[in-house]
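What the coordinates show
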Amino acid sequence: MYLANLFGRFSGGNVFPTSLVTAAAAIGVVILIIAILLLITLTRRWTWLWREWLTTTNHKKIGVMYLIVAILMLLRGASDAAMMRLQQATSVGSSHGFMSASMFQQVASAHGTIMIFFAAMGLMFGLINLVLPLQIGARDVAFPFMNATSFWLFAAGALLINVSLGLGDFSAAGWLAYPPLSELKYSPTTGVDYWIWSLQIAGIGSLMSGINFITTILKERARGMSLMKMPLFSWSVLGAMVLVAFAFPILTVTLALLALDRTLGTHFFTAGGGGNAMMYVNLIWAWGHPEVYILVLPAFGIFSEVVSTFSSKSLFGYKSMVWAIMAIVVLSYGVWLHHFFTMGAGANVNAVFGIATMLIAIPTGVKIFNWLFTMYRGRIRFTSPMIWFMGFIFLFTMGGVAGVLMAVPAIDFQLHNSLFLVAHFHTMIVSGVLFGYFAGITYWFPKVFGFRLNDKLGKYAAYLWIIGFVVAFGPLYILGLMGATRRLDHYSAATGWHLLFVTAGIGGAIIACGIAVQFVQVIYSIIKRDETKDITGDPWNGRTLEWSTASPPPFYNFAVLPVVRSRDAFWDMKHRKDLPESEIVALHLPKNTPAGLFIAVFAFIFGFSMIWHLWVLAPIGLIGIILTVLIRTTSGEHEEIVSVKTINQIEASMTSWKDYARE
Amino acid sequence: MSTKRKILIIALPVLVVIGLLIVFLSQHNVPVLTPAGTIAAQERNLFVFALILAAFVVIPVYSLTILIALKYRESNKKARYEPNWDHSRVLETIWWGIPMAIIAVLSVVTWTSSHALDPYKPIASVHSTINVEVVSLDWKWLFIYPNQSVASVNQLAIPVNHPVHFYITSDTVMNSFWIPSLGGQIYAMPGMMTQLNLEASKLGSYYGSSANISGKGFAGMHFEALSLNYQAFSSWLHKLSQSRLSLNIANYKKLARPSEYNPVAYYKDPADNLFSDIINQYMTGAKL
């Protein structure tokens, strides 16, 4: 009896995966982790890893770690997608494919959850960390320790969701886990709990990041950089982070209420017992809709920088762009009901939310025209970031039209939860978010690592992605119009859907080739890094402050903080040959701390215990978090001084545009 | 490569794809675009109207993108280069204005169509209205005909040109009741009743399904919707009334147990107030 309490759900059986595919995946992950640990041990890199990465508070290193985790998660999500494409291409009529229904539903739920929370969010926070402080001329974020904690919580959530491969199962209730299906009565296993706790832990990290970056943007800008002189990427981040700060608390509360229903037997969202599932659907989308714009706004910002830089022209309609971002921020809170026009809210309510949704198309359309007129009368260099941008313009416009169609409630009744909807939001998220981040990674890669990525391979990857996307998702639009709903693990031959599902599968394979080329691109570029070395710190003839320091930048970013006189601050500096004259002084910079890592470890223990009902271990995790925070906040000195001599030494060892401007 | 050849290389596959698409669509049933019901037809018309309206933005965007990208590429030194030309009040007014105008038109259409096609609104007709009570179960659909005192599982029959008023609930998790050939869907939720009004305008057999994930047997939760002439509908009802099974509480409980890819089944004499009792289980806790 007591023993059963101690081991929680582990004493109930069904712990290890029964499916061959899941078991193989789990074993693969374990082998990978062991191999990495072994490699670190053999090369005696533990101290280096601890000092340089695990305890770092440097925003650039945290950014790199975000990207690494996010790319791993992108691969996991892409494998899930490949499995779904394979299942749907083969599971027709008498054949039932290679996955059981419940496994297919787990894979589908994992795909959506992982792609949004861990791939897209990770890429976004990675890029923001890498670029934002440099772009506004700051030495770090406002709260470096909190930044590290955010990252480690994100990593803990990512780890927790992948533990479900080997221990227990994952949620089969869709990526947003609507009750009553996600309630204990209908999903009695650990699946939904994995979903709740991995998102809860990562989500709190995201909320802290949101607060951190808002503060950073408002308080840490270089002298002279008024808000209306701030680069568009920074504006888009400000918009996105305001959305994070107001939307993520809703997610936290919603997940907590669902967790209470499942663990303590409350009735917030149950069928019966006074629960109301419709409340959950409203709450989750009150977070979920802003979330879409959280992801896409920074991508818009990236495209603004990329288009302006590679057209060698200042961004067209800057003020319009800023107003458009802010209009999107405000409007995105008022449209959540369009995700469930079919719940029977009534004509007045549906119409109001439908019209509010269409309004968002206005500022978005304005942004597209402004990008096009940035190119107009420019000198466009079609590098791979520009190819991603061109793909984005064509696909995003099409996806936007599909979105406006579905904003009309009477049309939505015929498209809701069909594959037309699936195709629509993939068009928006893949072309808008993912292409944007790929462009951003290519664009800022030399700043972070000191050498450029191979452009030709980057272009091939972009072409494969764009063509693959059309082949994979074009058929889904038609399938939706043919009545095919989402998340089907099987369909009858009489539907006539088979050919289109096979085509979609081929498209998926083309995208997989694109991903493969991206890996080849990175490896090839690393091997040939001497040929594309960035010695000026300004490989693209850039316009904003991040290009004014060396590549990679010193840990303090700027020896002398820049002073901003105009919107394209660095472009302006270059043309006036405006070299900073003020003297180098000693700097106070944040010390390394392992506290963020420890908090995340305890959060992981707590989440894992809540999933498996380990009531002895759970309080240990919780107390561990509290104690770590207390010890960290009451301990003395968190900053160290970097002397003028050290800075001079570092400055002498690296080159940036200033060294060339002097000549 | 010359610019003309580049354009050709891009244009050719696009044309081939459009050709294949036309061939495919002409050979397959695309219910949302080729409706068999009055509501679905109006929803299709709305879809086409909105699509045409959207073309007023899409065509300029696509043509501008291609033209600007071609003309202002770096290698074309003849093109004008004005690195500091970065705003124009006239141009920006145009592209704030045009989308606003389009959305204004679409907003009016949205408002009127939301009311005209409100799923709860009964369809006016000279023909009598058929009432059907729909219950989603794990994992099948139960259709109760309260006035005719029969019920069926995974097969729905309705008389053509007669308005049908569906009253919908769920005795399990949430589902969504959708017959794309006849018109849009609405959720089926436990403890709640939603409504849907549809009317078939053509004879035939149509695909219906649940559009919202509901667990293991979700993919098998589709049904056949038969649109019959009134005589055939009457004999279908008669066939049901001759069924061995009556849908009393005991048989209903048996039916409600989870089952996948449930075959079509017919019942006579559903228990009195079965539909409202199913809903009330969740509201008052009253057991069936």
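Fair warning: this is a prediction, and the values are worked out from it, not measured in the lab.

Definitions and cut-offs
Residue positions are given per chain, counting from 1 as you read along its sequence in written order. Following the order in which they are written, the chains are lettered starting with A and the ligands numbered starting with 1. For a predicted model such as this one, the threshold for reporting local features is a pLDDT of at least 70, and the threshold for listing and counting side-chain atom pairs is 80 or more; totals across whole chains, interfaces and linings nevertheless cover every residue. In DSSP terms, a helix is any run of H or I states spanning at least four residues, a strand is any run of E spanning at least two, and both are numbered starting from the N terminus. The size measure is the radius of gyration over C-alpha atoms, and the globule rule it meets is 2.2 Å times the number of residues to the 0.38 power. Exposure is read from a count of other C-beta atoms within 10 Å of each residue's own; the residue is exposed at 12 or fewer, buried at 20 or more and partly exposed in between. C-beta atoms are placed from the backbone. The contact rule is simple: place each C-beta atom from the backbone, and if two of them lie within 7 Å, those residues are in contact. Expected span, for any helix, means 1.5 Å times one less than how many residues it has. Each residue is assigned a bend, namely the angle between axes fitted to the seven residues that terminate at it and the seven residues that start at it. Each residue receives one of three labels: charged for Asp, Glu, Lys and Arg, nonpolar for Ala, Val, Leu, Ile, Met, Phe, Trp, Tyr, Cys and Pro, and polar for the others, Gly being one of them. All axes here are fitted lines through C-alpha atoms, helices being fitted over the stretch that makes contact, and every angle between N-to-C directions spans 0 to 180 degrees. Orientation categories follow fixed angle ranges, with anything under 35 degrees roughly parallel, anything over 145 roughly antiparallel, 65 to 115 roughly perpendicular, and all other angles oblique. Two helices cross in a left-handed way if the nearer one is turned anticlockwise from the farther one by less than a right angle. They cross in a right-handed way if the turn is clockwise. Two strands pair if DSSP finds at least two bridges between them. Any set of buried Ala, Val, Leu, Ile, Met, Phe, Trp, Tyr and Cys residues joined through C-beta atoms within 7 Å is what this text calls a nonpolar core. Start and end points for every domain follow an automatic or database-based domain assignment. pLDDT expresses how confident the predictor is about each individual residue, on a scale running from 0 to 100.

A word on the overall build of chain A. Within chain A one finds 21 helices and two strands. For 663 residues, the compact-globule estimate of 2.2 N^0.38 gives 26 Å, and chain A sits close to it at 25 Å. Taking the principal axes of its C-alpha atoms as reference, chain A extends roughly 75 × 60 × 50 Å. Buried residues in chain A amount to 60% of all 663 residues.

With that out of the way, let us pick up the overall build of chain B. Of the regular secondary structure elements, chain B holds six helices and 11 strands. Overall, the C-alpha framework of chain B stretches about 85 × 40 × 40 Å when taken along its three principal axes. Residues classed as buried in chain B amount to 40% of the 288 residues present. Here the analysis covers contacts within chain B between residues at least 6 apart in sequence; of these, 72% occur between residues at least 24 apart.

Residue and element names in this part refer to chain A. Helix length check: helix H8 (residues 232-264), at 33 residues, gives a terminal C-alpha distance of 47 Å against a target of 48 Å (1.5 Å per residue), a fit within 8%. For H8, the principal kink sits at Ala-245 and spans about 30 degrees; a proline, Pro-249, occurs within the next four residues. Looking at the residues trailing H8, positive phi occurs at Gly-265, about 75 degrees.

With 75 residues of chain B at the interface, the matching set in chain A holds 72 residues. The element contributing the most residues to the side of chain B that touches chain A is helix H2 (residues 38-71) of chain B, with 15 residues. Looking at the side of chain B that touches chain A, its residues break down into 44 nonpolar, 22 polar and nine charged.

Residues and elements named next belong to chain A. Their axes nearest at 10 Å, the elements H8 and helix H10 (residues 318-331) cross at an angle of 10 degrees. On the basis of the axis angle, H8 is roughly parallel to H10. Here the hand of the crossing between H8 and H10 comes out right-handed. Residues Leu-232, Trp-235, Ser-236, Gly-239, Val-242 and Leu-243 of H8 touch H10, and the partners they reach there are Met-321, Val-322, Ile-325, Met-326, Ile-328 and Val-329. The residue inventory of the contact of H8 with H10, partitioned by class, reads 10 nonpolar, two polar and no charged.

Residue and element names in this part refer to chain B. Pairing is mixed across the open sheet formed by six strands, whose spatial order is E8-E5-E1-E2-E3-E11. Whereas interior strands pair on both sides, the edge strands pair on one side only; in this sheet they are strand E8 (194-199) and strand E11 (265-268). This sheet shows a mean twist of 25 degrees between the axes of neighbouring strands, independent of strand direction. Bridge analysis of strand E2 (residues 140-145) against strand E3 (residues 150-153) gives four bridges, and the strand direction is antiparallel. When the bridges of E3 are listed, Ile-144 appears paired with Ala-151.

The next thing to look at is the sheet that holds strand E4 (residues 155-159) of chain B. Two orientations exist for strands paired in a sheet by backbone hydrogen bonds: parallel and antiparallel. Residue and element names in this part refer to chain B. Strand order in the open sheet made by the five strands is E4-E10-E9-E6-E7, with mixed pairing throughout. Looking at the sheet topology across the chains shown, the edges are occupied by E4 and strand E7 (183-188). Averaged over all pairs of adjacent strands, the angle between their axes in this sheet comes to 20 degrees, without regard to strand direction. Both strand E9 (residues 204-210) and strand E10 (residues 222-228) contribute to a ladder of six bridges, which runs antiparallel. Residue pairing across strands places Tyr-206 opposite Ala-225, the latter belonging to E10. Where helix H4 (residues 230-241) meets the sheet, its contacts fall on E4 and E10, and the angle it forms with E4 comes to roughly 140 degrees.

In this section: the nonpolar core. Residue and element names in this part refer to chain A. In terms of nonpolar packing, the biggest core is built from 296 residues, with Phe-118 and Phe-303 touching the most fellow members. Considering every element that reaches this core, the biggest residue donor is helix H5 (residues 101-135), with 23 residues. Ignoring any residue separated from it by four or fewer positions in sequence, one finds Phe-118 in contact with Ala-70, Met-73, Ala-158, Ile-161 and Ala-202.

All names here are of chain B. Taken as a whole, chain B is organised into domain 1 (31-116) and domain 2 (130-284). Each of domain 1 and domain 2 has a C-alpha centre, and the two are 42 Å apart. Contacts between the two partners involve nine residues from domain 1 and, on the opposite side, 13 residues from domain 2. Tallied by class, residues from the side of domain 1 that touches domain 2 come to six nonpolar, two polar and one charged.

Residue and element names in this part refer to chain A. Looking at the element boundaries, Ile-387 is found in helix H12 (residues 384-407). For the pair formed by Ile-387 and Lys-459, sequence separation is 72 residues and the distance between their alpha carbons is 6.6 Å. Those residues in contact with Ile-387 that lie beyond four places of it in its chain are Phe-382, Lys-459 and Ala-462.

Per-residue confidence for chain B gives a mean pLDDT of 94; residues scoring 70 or more make up 99%. Across the assembled chains, the prediction reports ipTM 0.96 with pTM 0.96.

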